[in-house]
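Structural features, examined
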Amino acid sequence: MAEIPSILPATPEIFLACSALALLLLGVFKGDCATRLVSHLAAAALLVAAILVLSHSGARVFAFNGMFVVDGFGVFMKTLVLIGAAAVVMVGQGYAAQQRMNRFELPVLIVLSTVGMMMMISANDLMALYMGLETQSLALYVLAAFRRDTQTSTEAGLKYFVLGALSSGLLLFGASLIYGFTGTTNFDRIVAVLASAPKAEIGIVVGMVFMIAGLAFKVAAVPFHMWAPDVYEGSPTPVTAFFAAAPKVAAVALLLRVLIDPFGGLTDQWRQIITFMAVVSMVLGAVGAIQQTNIKRLLAYGSIGHVGYIFLGLAAGSEQGVRGILIYLAVYLVMTVGTFAVVLSMRHQGRPVENIAHFAGLSRTHPMMALVMALFMFSMAGIPPLAGFFGKFYVFLAAIEGHLYGLAVIGVLTSVIAAFYYLRIVKLMYFDETPVESIDQQNDGAVTVVLVGCGVFTALFFFFPVPIMSGAASAAASLFAG
Amino acid sequence: MELAAVFPPLLGSIIAGFFGRWIGVRGAQIISCAGVVSAALTSAWLFNDVALQGHARTVEVFTWIKSGSFVAPWALRFDTLTVVMLIVVTFVSSCVHIYSIGYMEKDPHRPRFQSYLSLFTFAMLMLVTSDNFIQLFFGWEGVGLMSYLLINFWYHKASANDAAIKAFIQNRVGDLGFALGIFVVFYLFHAVDFGTVFAAVPGVAVQQIHFLGFEVNGLTLACLLLFMGAVAKSAQVGLHSWLIDAMEGPTPVSALIHAATMVTAGVFMVARLSPMFEFSPTASAVVTVFGATTAFVAATIGMTQFDIKRIIAYSTMSQLGYMMFACGVSAYNAAIFHLMTHGFFKALLFLSAGSVIHAMSDEQDIRKMGGLWKLIPVTYVALWIGSLALAGIPLFAGYFSKDMVLEAAYAAGTPVGTYAYWLGIITAGLTAFYSWRLLLLTFHGKPRADHHVMDHVHESPAVMLLPISFLAAGAVCVGFLAYSWFVGGDRVGFWHDAVLILPGHDSVAAVQHGAVPAWAENLPTMVALAGIVSAYLCYMVWTGLPGFFCRTFKPIHHFLYNHWYYDILVDRFIVEPSLALARGVWKLGNGTTLDGLGPRTLVAATQYVGQRAVRLQSGYVFHYAFAMVIGLVVLVSWFYVNG
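A brief report on the enclosed structure follows. (Residues numbered from 1 in each chain as written. Chains lettered and ligands numbered in written order. Predicted model: local features only at pLDDT ≥ 70, side-chain atom pairs only at ≥ 80, totals over all residues. Heavy atoms only, no water.)

1. Some remarks on the overall build of chain B
Note the threshold: Strands are runs of DSSP state E lasting at least two residues, helices are runs of H or I lasting at least four, and both sets are numbered from the N terminus onward. Residue burial is assigned from relative accessible area. The probe radius is 1.4 Å, only protein chains are included, and a residue is buried under 20% of its type maximum, exposed over 50%, and partly exposed in between. Here the Shrake-Rupley method, with its probe set to 1.4 Å, supplies the accessible areas, and only the displayed protein chains count as covering residues.
Helix and strand counts for chain B stand at 27 helices and 4 strands. Within the span of chain B, comprising 643 residues, buried residues form 57% of the whole. Accessible surface for chain B amounts to roughly 25500 Å². Of this, 70% is attributable to carbon and sulfur atoms.

Listed below in structure tokens is the structure:
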């Protein structure tokens, strides 16, 4: 008798997909005047999905013939992604309304893309992996080109699409090599095949390298990063915020799952790649941002640097390293959303401004906004006792305990360089004269809520680190158990 | 209850310091005074309970440091030595607090001042109640810090800045020794609490350790290093000049530093560590020589000074020398006795001097005073009482303690004891001389100030005279009231085992058993009277005499007047070379080497790399795709090559 396939573990994904379709219908019938409503409902759907995700027991459960897995790691990552997406939908709405890009498709696309991310995080099969990745990416290509009436946005969308297609090709080619050499696409069976062979065949290693290249593109690790500054700068700011927050987390999650789970036996091989990419990402993220004057471009380089630190923890290849990465991601997500909430508020007479010179004198015109921005910048630079310090601290700790001393030293040195451009913004806000074109935006309620929330998290993480720390610890443990 | 003797000043300090703006100047003054006075009352109760009833105890507050096998609890030790110090500190400090209300009347920063005074007191209380070396060090450093802040209270004065820095740095030199001493103690005993260490002293008394390439006795080394801290803190010769410059602070601060909260710390520490010093005759001998020399040097300089506060400051230094050599000849009880009587009469002298300065519109030079006695009679009487006590005239407090110190030195019978006795005798004469020189020049003769100042001379307000009167009563009575407890027949029941004196070393007992001949017993008083008479002759009868001596013995006078050239020599041989070295390190080491390499070269390099890295970002999709493919090719080839 055929077993009835269990789809219960995928409840959040199914709920979110149905919500996206319902919101799409709502938008179609009501037109663009319903954008505000659709945005709010989208944020609500994302949060409900987060609750559904969290209601999972944390035990390792399979669905769809073992192609889909839910475990503690997945729960942690999906929660981060959903919260990040919801926050971006909330802060982006006001900006979109003011900039005449007030289309209901924006929140719907974000939700659809989030569905893809959740599938990526839960993938337990190369096919499922690719399905999730493409679901996510297709929505992202459209989002990048969302302002199709401006040159920069269409350019960003096109660049991202072309390079994304290339990376997908690399990924697929890698997957096909893996399948060819192991005879299976299921992660658990790949583990078994790798464990049975005394030495990994070169074909598998090359396949893995291709797959890593494809995934490194998604997280924007050097040398697969070059799209990031252009796309960050060209996309509409709410989309950039989304790019920096949710897809980054999801892609790192996927990378972690692939490297730890099916390719856990090839740690010595992939550690060489990850170490290399960590070093060049940290260095390029640090030095590349120094020359930037556009805040979004600057943050793009900053995020490349952050990926470098995440890879630093990954290079350790230990459970502790993964725990450090998860803490780092949680902190990174909050800081990024908060920073972009500030960037979204940077407007002069209704027109968005993106030059960092516009931060000058912000402490006098918008003292509270300047204060939270300063908090985020200090935190990004890794100044204790803010949240960002702990993120860095745990990945460095893992690297040192993995005897990767050289890597840790490079990490610390690049942090010093990175501190320069983060602190420069603080200096601009607090010590420089207010320019003629000063920021004169009054924040709407949602932005204020997100700003306060992120600011409080960043400042007080030091006092209440336990939920994140223990969550990260159990999530890391579940990844290694699988 | 015990905590109430220590913590109210801290509380008062916090409230006055942080909330002075809300509770107002008067509120800050009342709060800080209330804190210290309540501590004083509790101390009195504790004195009765601990010293007289014999209930010595240790109160553990909390565990402070716990690291592996090393445990340092925060505990308050109350034995006779501690409660005597508590009495001195809290009573003198109370007087100073109340006096400050009047003295600082015109200062805009009174809440801060009161807060500092209270915190200073608290630090000293922590020091005297400490139960281990770490806590002792905490109090020690706290006192050092607060003295810096208070000497520098008028921070807009350059001279006050210099004096404060000098005090801090000279104390740091001592602190270095003190900290090293603690390390040696820990090395020898593997413990830092007094109980464990003292119990283990006889066992390690002969242990040798390596120090700077020498094989030395561990205990002696520890004692000498710890004593180095006392040299700085108690202004013994060598690290003494900060005490004189500390006169730059407000007069109440001088009173506090000299009588209660700072300079006595060194003497206290030596007495507290008597179980260690008793087993190291070498260290005790060093202490004796230092003390006696200090007493003599300070007195000779004091004879030639004209600043009313500086003269008293030198007298403090001189009296500290007495206390120190008393410790050196194992007369710890006599040393603490002198510390207590000195606390009262020295606070009295300073507060009276402050009253004079207050009356003279901030004039401190005694050459510009004179003829004041009718105008400020209460202050005049107070200064007389203080001087009589200082000179050791019978029935006044100083007589009992100072004579006992000198007799103990004589009775010790050692060469260093004899050295101390004779220098002490000479010092006693000099002390009486300069005290009366001060009195006569200040109060008698014709007024030498201009009429503007003289017209404004007025007696101080009651809030200043009240503490003065209290201290005057103390300076008269405390000697004969406490004689029997401290060094007389009741001393064994009074001290219990708060200080350890080995049977063969007990010089006070020798004095009590008549080891000192009558001439040696009476000599101090005779010499003091002679000093007074000669001062009278010099400054009242033959007023040309001092000038004649100065001219005749010009080199000697110059030598003494310039503080034995101490500051000049230190400047020449220590300060200037240090500055030159520091400047070299700064300009060459930091400026040229580090700045040149770091901020200049590295920054330029980073910026250059940054520019190049950004230039890679051409904006062309095919460039980007090319970078990806190249990256991939490199990675794949890597694995092909490395297998």
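Alright, that's what it looks like, and here's the rest.
2. Considering the interface of chain B and chain A
Note the cut-off: Contacts are assigned to residue pairs with any non-hydrogen atoms lying within 4.5 Å of each other. Summed over both partners, buried area is the accessible surface (1.4 Å probe) that two parts give up on being assembled. Salt bridges are defined by distance alone: a side-chain nitrogen of Lys or Arg within 4 Å of a carboxyl oxygen of Asp or Glu. Two N or O atoms count as a polar contact when they lie within 3.5 Å, although within protein this holds only if one can serve as hydrogen donor and the other as acceptor, and sequence-adjacent residues are included solely when both atoms are side-chain atoms. Under this grouping Gly is polar, as are all residues other than the nonpolar Ala, Val, Leu, Ile, Met, Phe, Trp, Tyr, Cys and Pro and the charged Asp, Glu, Lys and Arg.
With 24 residues of chain B in contact, the opposing surface of chain A contributes 34 residues. On the chain B side of the contact with chain A, B:Q617, B:M628 and B:F639 bury the most area, a combined 28% of that side's loss. Taken together, the connections running from chain B to chain A amount to 0 salt bridges. Counting every contact that joins chain B to chain A gives 5 residue pairs in polar contact (both at pLDDT 80 or more). Contributing elements (two or more residues each) for the side of chain B that touches chain A: helix 26 (566-615) and helix 27 (621-642) of chain B. In terms of residues, the side of chain B that touches chain A owes the most to one element, helix 27 of chain B, which gives 13 residues. Residue composition of the side of chain B that touches chain A, grouped by class: 16 nonpolar, 8 polar and no charged.

3. Quick word on the side chain of B:S280
Residue and element names in this part refer to chain B. Turning to its location among the elements, S280 is positioned in the loop between helix 12 (274-277) and helix 13 (281-302). In this structure S280 comes out as buried when scored by relative accessible area, which is 1%. Those residues in contact with S280 that sit more than four places away from it in its chain are L219, T220 and C223.

4. Digging into the packing of helix 8 (residues 202-219) of chain A against helix 11 (residues 267-290) of chain A
All names here are of chain A. Where we set the bar: Orientation is described by axes fitted as lines to C-alpha atoms, over the contacting stretch for helices, and by angles from 0 to 180 degrees between their N-to-C directions. Oblique is the label for any angle not covered by the other classes, which are roughly parallel (under 35 degrees), roughly antiparallel (over 145) and roughly perpendicular (65 to 115). Throughout, a crossing is termed right-handed when the near helix is turned clockwise from the far one, and left-handed when it is turned anticlockwise from it by less than a right angle.
Two elements in contact, helix 8 and helix 11, have axes separated by 10 Å at closest approach and are oriented at 30 degrees. Our classification of the angle between helix 8 and helix 11 gives roughly parallel. Crossing angle aside, the handedness with which helix 8 passes helix 11 is right-handed. Note on element contacts: helix 11 touches helix 8 through Q269, W270, I273 and M277, opposite V205, M208, V209, I212 and A216. Residue composition of the contact of helix 8 with helix 11, by class: 8 nonpolar, 1 polar and no charged.

5. Quick notes on the packing of aromatic side chains
Under the convention used in this document: Aromatic contacts are taken between Phe, Tyr and Trp rings whose centres are within 6.5 Å, Trp giving its six-membered ring; a plane angle under 30 degrees counts as stacked, one over 60 as edge-to-face, and the others as tilted. Note on criteria: charge over ring means Lys NZ or Arg CZ within 6 Å of the ring centre, with the direction from the centre no more than 35 degrees off the ring normal.
A complete count under the given rule lists 60 aromatic pairs over all chains for this structure. Between A:Y309 and A:Y328, the ring centres sit 6.4 Å apart and the planes meet at 35 degrees, which makes this aromatic pair tilted. Residue A:Y309 is located in helix 12 (residues 295-316), and its partner A:Y328 is located in helix 13 (residues 319-344); the two are separated by 19 residues in the primary sequence. Between the aromatic rings of A:Y421 and A:Y422, the centroid separation amounts to 4.7 Å while the plane-to-plane angle is 55 degrees, which identifies the pairing as tilted. Counting every residue linked through ring pairs, the aromatic cluster contains B:F47, B:F337, B:Y399, B:F400, B:F480, B:Y483, B:W485, B:F486, B:F494 and B:W495. Over the ring of B:F573 we find B:R572; its NZ or CZ atom is 5.7 Å from the centre of that ring. The ring of B:W586 carries the charged tip of B:K587 above its face, separated from the ring centre by 4.2 Å.

6. Quick notes on the environment of A:N355
All names here are of chain A. With respect to the helices and strands, the residue N355 is situated in the loop between strand 4 (351-352) and helix 14 (362-365). Considered as a pair, N355 and N294 are 61 residues apart in the sequence and their alpha carbons are 4.6 Å apart. When near neighbours in sequence (up to four residues on either side) are disregarded, N355 contacts T293 and M346.

7. Structural notes on the packing of helix 8 (residues 218-233) of chain B against helix 13 of chain B
All names here are of chain B. Between helix 8 and helix 13, whose axes approach to 9 Å, the crossing angle comes to 20 degrees. Taken together, the axes of helix 8 and helix 13 lie roughly parallel to each other. With respect to the hand of their crossing, helix 8 and helix 13 are arranged in right-handed fashion. Along its contact with helix 8, which presents T220, C223, L224, F227 and V231, the element helix 13 presents T282, A283, V286, V287 and F290. A breakdown of the residues in the contact of helix 8 with helix 13 according to their chemical character gives 8 nonpolar, 2 polar and no charged.

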